[in-house]
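Take a look at the letters that make up each chain.
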Amino acid sequence: TGAALAWRRRLTGDLDTIVLTALQKDPARRYASAERLADDLRRHAEGLPVLARPDTLRYRTAKFLRRNRAGVAIAGTAAALTIGFGIYHTVRIADERDRARVEAAKATEVAAFLQEIFTVADPSVSRGESVTARELLDAAAERIDRELADQPLVQASLMQVIANTYSRLGLNPRAEPLLRTAFATQERLLGPDAPATARTRRDLGVWYQDAGRYDEARPELERALAALEAALGANDPEVGETHRVLAYLWQTLAEYDRAEAEFRRAAAIARTSEPLDTVELAASLGQLGRLLRQLDRTSEAEPLLREALTLQRAALGSMHPDVASTARNLGSLARDMGQFAAADSFYLEAIRIRRALFGNDHPDVANALNSRAIMLAEAGRVEEALTVGREYLGTLERLHAGPHPALAVAYANMGSMLAGVGAIAEAESLLMRAMRIQEEALPAGHPDRAFPQIILGEVYLRTDRPASALPLFREALRIRRAGLPVDHRYIADAVGDVGAALAALGRGPEAEPQIGRAHV
């Protein structure tokens with residue numbers, strides 16, 4: 001997923017995998033020809049394993065069960081008949097067969113449409129003209145309304161796939177209308193709480209969160225979780241994934257206890273799934289580790305992040321967005337511990353992977369650049385930090401036209417670096433801009449609101465303006481005490497800043513206990 005990236009939801013279905021493989025920037029990672037693409041689409045329609053997926057035992061077993069659903073059900077029915085449930089199970093088999101026929105027909109329609117769309121990327125058709133991922137998606141989105149009007153559920157499924165792929169490419173504004181249309185269709189034809197409708201509702205919630213519209217994200221994600229839990233059971237992997245998605249929203253809203261509980265629930269579901277859902281387990285552990293690092297619980301965070309990275313590299317290979325996210329989080333953990341060389345290695349790995357997958361103008365690339373710029377500044381490599389920071393800031397300004405929490409973070413971080421090299425006027429301007437954006441984009445009392453206030457207060461203190469610094473420090477301390485654990489280092493930092501401002505104002509008796517508490 002801007003600042004919320006570390007969390008962006010994986011695309012896990014076969015159609016999503018086929019689409020993303022067809023859109024790979026690296027020719028060696030794309031389908032070699034339209035025929036190869038067509039073969040994978042045919043295999044998907046027939047319920048066979050697709051070649052773009054890792055050939056794991058779990059994946060092949062799941063495909064076998066889906067292809068042979070009727071046969072497996074018949075075996076189960078024979079056993080059930082011996083204890084008197086023959087009629088019930090016979091009806092259930094018929095229902096399963098009917099659903100299987102519907103799904104197969106739907107998959108065939110989707111496969112045919114995608115095959116026609118992606119064939120234009122084949123060199124024999126494009127005649128050497130480069131066809132970008134965005135052009136392919138735009139072409140598909142434009143044709144869906146016209147060519148699939150008589151297949152509304154197929155149309156909705158394709159809209160959801162294309163919308164999620166737009167989001168993966170950082171083209172979020174193009175995703176929203178497709179998700180809304182798909183959701184309206186599924187709600188009308190399947191009902192508001194059907195699993196397919198709930199999945200699209202969840203995707204809409206993720207879209208709102210990425211856009212900084214948290215009040216709209218929360219009800220969508222909570223209802224999606226309730227619907228999936230009711231339909232699939234409390235321990236279904238999709239329910240676990242939705243717990244993880246909701247956990248990230250709670251983390252973004254600084255509801256840290258709720259976030260931790262949801263992340264742990266997601267990890268527990270993934271760890272007990274049969275067979276083991278390695279990828280989802282790694283995602284949950286990685287995001288839980290990121291939260292614990294944010295809460296200053298380093299000793300708990302590190303083993304979770306390292307386990308997540310090991311699982312992801314084994315299951316997904318070295319060039320995957322999840323690997324980049326966990327590498328970035330491990331880099332930030334190393335930075336917290338002053339291990340700058342290790343941090344830089346992790347950050348450079350994350351940047352390399354994300355640039356290869358998404359290009360330069362993508363929120364995930366910008367986030368990794370931001371983390372590296374902060375580390376470079378802390379390591380004393382100020383000129384490098386400014387260069388990387390300006391690249392990060394420029395990327396986010398191109399991506400976000402209006403107020404967005406990620407932009408506030410960018411302005412605050414750049415303001416801090418500029419103040420460090422004596423560019424005071426420019427630093428003040430960026431820090432004030434960060435505070436204005438946060439007033440619009442973040443809930444009142446959110447702990448992140450304290451960062452630009454602390455930095456601006458330190459600028460005022462450094463330039464002999466302690467009377468201007470003191471109210472900023474006091475407000476930052478109030479915010480942090482309300483939103484962070486009582487022993488968090490950020491609270492101690494703010495207490496120390498208040499004491500330093502009081503001392504600079506000559507109010508020694510008030511300053512001394514503040515400074516003492518900051519060092520307890």
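Residues numbered from 1 in each chain as written. Predicted model: local features only at pLDDT ≥ 70, side-chain atom pairs only at ≥ 80, totals over all residues. Heavy atoms only, no water.

What to know about the pattern of salt bridges
Link 1 in the chain: Scanning the entire structure with this criterion turns up 27 salt bridges.
Link 2 in the chain: Close ionic contact of E222 with R218 constitutes a salt bridge, the shortest N to O distance being 3.4 Å. Taken together, the residues span about one helical turn, with E222 and R218 both in helix α11 (residues 214-232) at a distance of four residues.
Link 3 in the chain: For E222, a relative accessible area of 31% puts it in the partly exposed group.
Link 4 in the chain: The exposure class of R218 is partly exposed, given its relative accessible area of 35%.
Link 5 in the chain: Here the salt bridges do not stand alone but share partners, grouping E176, R180, R213 and E216 into one network. (Salt bridge = Lys/Arg side-chain N within 4 Å of Asp/Glu carboxyl O. Helix = DSSP H or I, 4+ residues; strand = E, 2+ residues; numbered from the N terminus. Buried < 20%, exposed > 50% of the residue type's maximum accessible area, 1.4 Å probe, protein only.)

With respect to the packing of aromatic side chains
Link 1 in the chain: Using the criterion set out here, one finds two aromatic pairs in the structure.
Link 2 in the chain: Plain terms: the ring middles of F451 and Y490 are 5.3 Å apart, the flat faces sit at 85° to each other, and that makes the pair edge-to-face. Placement of F451 in helix α22 (residues 450-462) and of Y490 in helix α24 (residues 489-504) is noted, with a sequence separation of 39 residues between them.
Link 3 in the chain: Residue Y490 is classed as partly exposed on the basis of its relative accessible area of 21%. (Phe/Tyr/Trp six-rings, centres within 6.5 Å; stacked < 30°, edge-to-face > 60°.)

Side note on the nonpolar core
Link 1 in the chain: Formed by 121 residues in total, the largest nonpolar core has its most connected members in I162, Y166, L178, L249, L396, Y411 and M414.
Link 2 in the chain: In terms of residue count, helix α20 (residues 405-420) provides more of this core than any other element does, ten residues in total.
Link 3 in the chain: Those residues in contact with L249 that sit more than four places away from it in its chain are Q209, Y214, A217, R218 and L221. (Core = buried A, V, L, I, M, F, W, Y, C linked by side-chain atoms within 4.5 Å. Contact = heavy atoms within 4.5 Å.)

Some thoughts on the packing of helix α18 (residues 363-378) against α20
Link 1 in the chain: Interhelical geometry of α18 versus α20 gives an angle of 20° and a closest axis separation of 11 Å. As far as their axial angle goes, α20 and α18 are roughly parallel. The handedness of the crossing between α18 and α20 is left-handed. Between α18, through N370, A373, I374 and A377, and α20, the contact on the second element is made entirely by V409, N413 and M417.
Link 2 in the chain: Tallied by class, the residues present in the contact of α18 with α20 amount to five nonpolar, two polar and no charged. (Axes fitted to C-alpha atoms, helices over the stretch in contact; angles between N-to-C directions. Parallel < 35°, antiparallel > 145°, perpendicular 65-115°, else oblique. Left-handed = near helix turned anticlockwise from the far one by under 90°. Nonpolar A, V, L, I, M, F, W, Y, C, P; charged D, E, K, R; others polar.)

Some thoughts on unusual backbone geometry
Link 1 in the chain: Between E274 and the following residue, P275, the backbone shows a cis peptide bond with an omega angle of 0°.
Link 2 in the chain: For P275, the location among the structural elements is in the loop between α13 (256-272) and α14 (278-294).
Link 3 in the chain: With a phi angle near 70°, D296 is a residue other than glycine that sits in the positive phi range.
Link 4 in the chain: Mapped onto the fold, D296 is located in the loop between α14 and α15 (298-316).
Link 5 in the chain: Classification of D296 as partly exposed rests on a relative accessible area of 30%.
Link 6 in the chain: For D464, which is not glycine, the phi torsion reads 60° and is therefore positive.

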